[in-house]
Amino acid sequence: MAKYIFLFFLWIVGFAYGCGDSETSVNDDIPVSKAPTSIKLPHLISDNMVLQQNSKVILWGEATPKCTVTISASWIKQDIVVNVDGKGQWQASIMTPAGGPETQTLSFDDGASAPLIVRNILIGEVWICSGQSNMEMPLGGWEGCPVDNMEEAVTNADKHSEIRMLTVERNSATVSQNELKGDWLVASSGQVKRFSAVAYYFALELQEKLNVPVGLVVAAWGGSDIESWLPGGDKYNGMLYPCHKYAAKGFLWYQGESNVWKWYEYQKNMKELVKSWRSLWEGSLGTGENMPFYYAEIAPYALPEDNGATGIVSALLREVQYEVQKEIMPAGMVCTNDLVALLEENQIHPANKKGVGMRLAHLALNQTYEHGEIISASPSFEGMCMEDGRVLLTFKNVGGGWMDIDKNSVLQNFELSDGKTLVDGCYVFYPASDISFGDGDVVTVSSDKVAAPKYIRYCFRNFMLGYMRNKAGLPLIPFRGESNIGGTYMVEVESGTSSGTSVALSDNPYASGERLLTNFYGDARLNLNLVVEEEGLYELSVYYMSEVDAAVRIQVNGGVQQNLNCSASGSWWNKLQCAGMTVTLLKGENTIVITPEANGGPNLDKVNVVKIERK
């Protein structure tokens, strides 16, 4: 009897240690059963995951407070022991090797229960993919929204088991969440229909060229605006923030359709989004500051609330999408205006997701992975000049020249205006009637209805398919331009959040021309150095766009500031001219400083300075 009491005492002592040796038994023939593990891992750290190669990655989770967790990785010999804090939280970092097809495991042991094993891990490249419905759209499509070549992709999916994807379940939250819901899935014929189509095609191209596994974390929500993905936004809190400890190479973004009506705010929001996401990963991993950010231009779509195909509000957002990339480098935008069929005019979810994913992959391969042989940059507008009623255009990234082009189709892409004919307050544009291709990247365009063109634009409509491509098959990015007759004044923003581009003289030597200055508020300022031929009185007025009443302050040659009121124009793209004020200008150079009124200024479009003739 004493023997059994002694054995029972030994069993109690072994159990009481909790975090100690869980293999204690009364004899070698009768092992003691393991208790359920106290270790809990986030969904991101689970079977089938992909870890970023050649990196310090973070592993984290929960366990019994004040205990220790021993982590064993199949690719390193030495275990890692980490302490669990008083709240039951633990975190450790571990280096990963170069990627490859070999499957790996991770073991997490609290010493009191059976180790928790994570299996079928691959080491490779990881990307965070986000946005709204065109990023979320699965390879299997939606009702009435198929994906091109879906059957082929499904048939071949079993060959691509080194592609893994975790789709973050939708979650809207008012405060930042530490956990998400979602499972890592292996690409297979049975699973791939659930994968984001754009992200999957991105991974296919990346995996083929780099010959390493690719992991994708997709956090997207159809209909979401960019504001919801900014710090404090409900999608940021519930879906993006829980991912920030997970090491990744970069970000993919496909969003903007829900922001066309506030296109004038998109540049500011995009800069904030990229900066905040990079900062979030930087704070966790120390590697986020230069994470690349590649994104897709919103596709052509006949927005019914804006005159269908012929409106331009979507084109205004695309213009901002293109312009912002130089402010968020390393970054790049893929053009989509040739990846939509004519029959998809009223379809906001185009079927060609392969083209978008491939172009995003080519940006990453060229810029991030330094595959210089892969051409990834679309042709873009560089400059223009006038010659005998024709517009001579120059472009960047034309490379080996233009592909063979159907002239009649391309003529519809270009529209010209003389800057004088107005209908409902907007300039009238006419299609080009002739186009010719000169040496290098020079293209000459004219219209038989516009004798002296001032403005030109290309595919600058809600829905207009582009037909100009370079010989790499990449489309010309939509643009608008103006002739700078008489010289150019530069908009200088000394501080604040505003950003500006050139303000050009028109053919009236005393009137400056067209270019929108957005986000004109706070301590922003616009400096114009205007040269006039004679001293005298001039009428100064401002063309602007504003949904609300606003005002600007005008200061000429260091004199007293005067307020200039700008009544609401009804919508952001209706252009109005405010009531002018009389100013005295000196012969030669004059300095005109424009600042926003306390409550904010309008979006400035043009500053007119016209000589007042004496009678």
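What counts, and where the lines are drawn
Residues numbered from 1 in each chain as written. Predicted model: local features only at pLDDT ≥ 70, side-chain atom pairs only at ≥ 80, totals over all residues. Heavy atoms only, no water. Helix = DSSP H or I, 4+ residues; strand = E, 2+ residues; numbered from the N terminus. Buried < 20%, exposed > 50% of the residue type's maximum accessible area, 1.4 Å probe, protein only. Contact = heavy atoms within 4.5 Å. Areas by Shrake-Rupley, 256 points an atom, 1.4 Å probe, with all protein chains shown as cover. Axes fitted to C-alpha atoms, helices over the stretch in contact; angles between N-to-C directions. Parallel < 35°, antiparallel > 145°, perpendicular 65-115°, else oblique. Left-handed = near helix turned anticlockwise from the far one by under 90°. Pairing = 2+ DSSP bridges. Phe/Tyr/Trp six-rings, centres within 6.5 Å; stacked < 30°, edge-to-face > 60°.

Caption draft 1: Region of interest: the overall build of the protein chain. Counting its secondary structure elements, the protein chain contains nine helices and 34 strands. Burial analysis of the protein chain (615 residues in total) assigns 53% to the buried set. At a minimum sequence separation of 6, the contacts of the protein chain that also span at least 24 residues come to 72%. Here the protein chain has roughly 27,200 Å² of accessible surface; of this, 50% comes from carbon and sulfur atoms.

Caption draft 2: View of the packing of helix α4 (residues 197–210) against helix α8 (residues 353–368). Contact geometry for α4 and α8: axes closest at 7 Å, N-to-C directions at 45°. The angle between α4 and α8 places the two elements in the oblique class. Read as a crossing pair, α4 and α8 show a hand that is right-handed. Packed against α4, whose contacting residues are Ala197, Val198, Tyr201, Phe202, Glu205, Leu206, Lys209 and Leu210, the element α8 presents Lys353, Lys354, Val356, Gly357, Met358, Leu360, Ala361, His362, Ala364 and Leu365 at the interface.

Caption draft 3: Summary view of the pairing of strand β2 (residues 56–62). Burial runs high along β2: five of the seven residues are buried. Bridge count for β2 against strand β5 (residues 89–95) is seven bridges, and the pairing is antiparallel. Bridging across to β5, Trp60 finds its partner in Gln91.

Caption draft 4: Spatial organisation of the sheet that holds strand β22 (residues 455–458). Across the sheet, which stays open at both edges, the four strands sit in the order β19-β16-β22-β23 with antiparallel pairing between neighbours. One side of each edge strand has no neighbouring strand; the edge strands of this open sheet are β19 (430–431) and β23 (479–482).

Caption draft 5: Seen up close, the environment of Val593. Looking at the element boundaries, Val593 is found in strand β33 (residues 588–596). Judged by relative accessible area, which is 10%, Val593 ranks as buried. As a C-alpha pair, Val593 and Gln555 span 38 residues in sequence and 5.1 Å in three-dimensional space. Beyond its immediate stretch of four places on either side in the chain, Val593 contacts Arg525, Leu526, Asn527, Arg553, Ile554 and Gln555.

Caption draft 6: Layout of the sheet that holds strand β29 (residues 550–556). Read across the sheet, four strands follow the order β27-β33-β29-β30 without closing on themselves; strand pairing throughout is antiparallel. Edge positions in the sheet fall to β27 (526–532) and β30 (562–566), since each has one partner strand and no second. Averaged over all pairs of adjacent strands, the angle between their axes in this sheet comes to 30°, without regard to strand direction.

Caption draft 7: The packing of aromatic side chains, seen in detail. One pass over the full model with this rule turns up 24 aromatic pairs. Plain terms: the ring middles of Trp184 and Tyr246 are 5.9 Å apart, the flat faces sit at 40° to each other, and that makes the pair tilted. Pair noted here: Trp184 is in strand β9 (residues 184–186) and Tyr246 is in the loop between α5 (234–240) and β11 (250–254), with a separation of 62 residues, a long-range link. Between the aromatic rings of Trp229 and Trp253, the centroid separation amounts to 6.5 Å while the plane-to-plane angle is 85°, which identifies the pairing as edge-to-face. In this pair, Trp229 sits in the loop between β10 (214–220) and α5 while Trp253 sits in strand β11, placing the two residues 24 residues apart along the sequence. Put simply, the rings of Trp229, Phe251, Trp253, Trp277, Trp281, Phe293 and Tyr295 pair up and form one aromatic cluster.

Caption draft 8: Quick look at the pairing of strand β7 (residues 116–131). Counting buried positions along β7 gives twelve out of 16 residues, so the element sits mostly inside the fold. Note: strand β6 (residues 100–109) against β7, five bridges, orientation antiparallel. By the bridge assignment for β7, Gly100 is matched with Ile123. With antiparallel pairing between neighbouring strands as the criterion, β6 and β7 make up a hairpin whose turn holds six residues, including Gly111 at a positive phi of roughly 80°. When β7 meets β10, the two strands line up parallel, connected through seven bridges.

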